[in-house]
Amino acid sequence: MNPASSTCPLCQHDAIIEMECIACDADQADKTVSVRTCPACDFAWQWPLERTVEQSNAFFQHAYENKREASYFDTHLRSQISNLQLGFLNELDIEEKTLLDIGCGDGNFATEAAKNGWTALGLDPAIPPEKEQQTTLAHLKLTSASLEHLPPDEKFMCVTMWDVVEHLPDPEPMLKNAWDRVAVGGWLILETGNYQSAERLLCGRGWWAWQLDHRWYFAPPTLLQFLKSFDYSESRLADRVFRPWSAKKPTFRAPSFFQTSLSIAKRPWRISAILSEHGAKRQAAAKWPKWAGLPIFTLAIRK
Ligand SMILES: [Zn+2]
């Protein structure tokens, strides 16, 4: 996919909309990212790009080494998230528990999987050499090697890419390579922010997913559209968000006019904010009733 293209990289629609959004992960408060959106298929992508691949790798290596407390990189929080994600894998009815985690970060998910009976291999360019040797679990290997360096016939029942696809300079070759590593009957599992969510409409330019390192903004249908050529036998959208603080469900219902009137009656000084929230929620419920409730979604496809 070419982000510089003047047409939508997914559906080739040619009336692209450009907007400036607040870069939620930037140190400066007023830093923005340029986002292009396609009104035909509701796909979005960053252009021009804020970071080169080398800058992204350096950023993540530093972030995982420093693990700021309570941030995305906090080890305790990551283990909680990993265990919620493992719960989903266990629902997929897999007998032979072999796992390849691509873009494994510091290896937290692969480590939790290995503790729970999986034979796990984690790959990430940000894995420091000393971490590769530190692994004490028998069924766990972490390495900075890339996918191409694995034995060509090595396949896995689960290939996971948690919060990876949005960072890839070109998702197509990487996802194809990942799909090649899925054994027949196995699953490819992808998690990313949901562009077609009520939360995105409610937050507007201040949505958390507008980030310097996020190059693509998928939603369940656009990701399925993108994976169409993979010829999968089955797809499954997780019915929840794998974050300990989130109780979000996929289906989304807008508030009634009565509920909105009641909110206005209680706090009349907020009328314009309440009306704008009401509009965003009604739009999300009308356009994407079955998945607008998920701020982050996980999609699995089966070979
Ligand atoms: Zn499009």
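Please read all numbers here as calculations on a predicted model, not as lab measurements.

A word on the sheet that holds strand S4 (residues 98–102). Spatially, the seven strands line up as an open sheet ordered S6-S5-S4-S7-S8-S11-S10, and their pairing is mixed. Each edge of the open sheet carries a strand with a single partner, namely strand S6 (140–143) and strand S10 (234–237). Ignoring strand direction, the axes of neighbouring strands in this sheet form an average angle of 15 degrees. Taken together, the three bridges between S4 and strand S7 (residues 156–162) define a ladder with parallel strand orientation.

What follows is about the domain arrangement of the protein chain. The domains assigned to the protein chain are domain 1 (17–247 + 292–302) and domain 2 (257–287). Between domain 1 and domain 2, the residue contacts involve five residues of the former and six residues of the latter. Here domain 1 packs against domain 2, burying approximately 430 Å² in sum over the two surfaces, 80% of which is carbon and sulfur. At the junction of domain 1 with domain 2, the criterion picks out one salt bridge. Residue lysine 287 pairs with aspartate 42 through a salt bridge whose shortest N-O separation is 3.8 Å. For the interface between domain 1 and domain 2, the tally reads zero residue pairs in polar contact (both at pLDDT 80 or more). Partitioned by chemical class, the residues of the side of domain 1 that touches domain 2 number four nonpolar, no polar and one charged.

This next bit is on the coordination of the zinc ion. Protein-derived ligands of the zinc ion are Cys8 (SG), Cys11 (SG), Cys38 (SG) and Cys41 (SG), with the metal-ligand distances lying across 2.2 to 2.3 Å. Here the zinc ion is ringed by four donor atoms whose angles at the metal span 104 to 114 degrees, and the overall shape comes out tetrahedral. Mapped onto the sequence, the donors of the zinc ion take the spacing C-x2-C-x26-C-x2-C. Here cysteine 11, found in the segment before strand S1 (17–22), pairs with cysteine 41, found in the loop between strand S2 (32–38) and strand S3 (43–46); they are 30 residues apart in sequence, far enough to count as distant. Taking relative accessible area as the criterion, cysteine 41 reaches 18% and is therefore assigned buried.

This paragraph deals with empty space enclosed by the protein. Under the counting rule described, the total for this entry stands at one cavity of 30 Å³ or more. Roughly 50 Å³ of internal volume is contained in the largest cavity. Lining the largest cavity, in full, are Glu166, Thr192, Gly193, Tyr195, Trp207, Trp208, Ala209, His214, Trp216, Tyr217 and Phe218. Counting only elements with at least two residues in the lining of the largest cavity, the list comes to strand S8 (182–193) and strand S9 (216–217).

Turning our attention to helix H2 (residues 75–90). With 16 residues, H2 extends 22 Å between its outermost C-alpha atoms, agreeing within 8% with the 22 Å of an ideal straight helix rising 1.5 Å per residue. When we look at burial in H2, the residues that qualify are Leu77, Arg78, Ser79, Ile81, Ser82, Gln85, Leu86, Phe88 and Leu89. In this structure, the buried residues of H2 make contact with S4, helix H3 (108–115), S7, S8 and strand S11 (296–302). Its side-chain oxygen placed 2.9 Å from the backbone nitrogen of histidine 76, aspartate 74 serves as the N-cap of H2.

Calculation criteria
- Here, residues in each chain are numbered from 1, in the same order as that chain's written sequence.
- A pLDDT threshold of at least 70 governs which residues receive local features in this predicted model, and a stricter bar of 80 or more applies before side-chain atom pairs are shown or counted, although totals over entire chains, interfaces and linings include all residues.
- Hydrogens and water are ignored here; the side-chain numbers use all heavy atoms of the structure.
- Should DSSP find at least two bridges between two strands, the strands are taken to pair.
- Put simply, DSSP H or I for four residues or longer makes a helix, DSSP E for two residues or longer makes a strand, and each gets a number counted from the N terminus.
- Fitted lines through C-alpha atoms serve as axes, helices being fitted only where they are in contact, and the angles separating the N-to-C directions of these axes extend from 0 to 180 degrees.
- As annotated, the domain borders come from an automatic or database domain assignment.
- Contacts are assigned to residue pairs with any non-hydrogen atoms lying within 4.5 Å of each other.
- Summed over both partners, the accessible surface that disappears when two parts come together, traced with a 1.4 Å probe, is what is meant by buried area.
- The term salt bridge refers to a pairing of a side-chain nitrogen on Lys or Arg with a carboxyl oxygen on Asp or Glu at a separation within 4 Å.
- Pairs of N or O atoms within 3.5 Å make up the polar contacts considered here, provided that, within protein, one atom can donate a hydrogen while the other can accept it, and that residues adjacent in sequence are counted only when both atoms are side-chain atoms.
- Gly is placed with the polar residues, together with every amino acid not listed as nonpolar (Ala, Val, Leu, Ile, Met, Phe, Trp, Tyr, Cys and Pro) or charged (Asp, Glu, Lys and Arg).
- Donor atoms (N, O, S) are those found within 2.8 Å of the metal centre, with the cutoff raised to 3.2 Å for Na, K and Ca; water is not part of the atom list, so apparent gaps in a site can occur.
- The rule is simple: four donors are tetrahedral if all their angles sit between 85 and 135 degrees, four are square planar and six octahedral if opposite donors span more than 155 degrees and the others lie between 65 and 115, and anything that fits none of that is irregular.
- Three exposure classes are used, based on accessible area relative to the maximum for each residue type with a 1.4 Å probe and protein chains only: buried under 20%, partly exposed in between, and exposed over 50%.
- The way it works is a 1 Å grid over only the protein atoms, where trapped points that fit a 1.4 Å probe form a cavity and open points with protein on both sides within 12 Å along at least five of seven lines form a pocket, and then any residue with an atom within 4 Å of a point lines it.
- Grid points are joined across faces, edges and corners, and a volume is the space filled by probe spheres set on the points.
- The span one expects for a helix is its residue count, reduced by one, times 1.5 Å.

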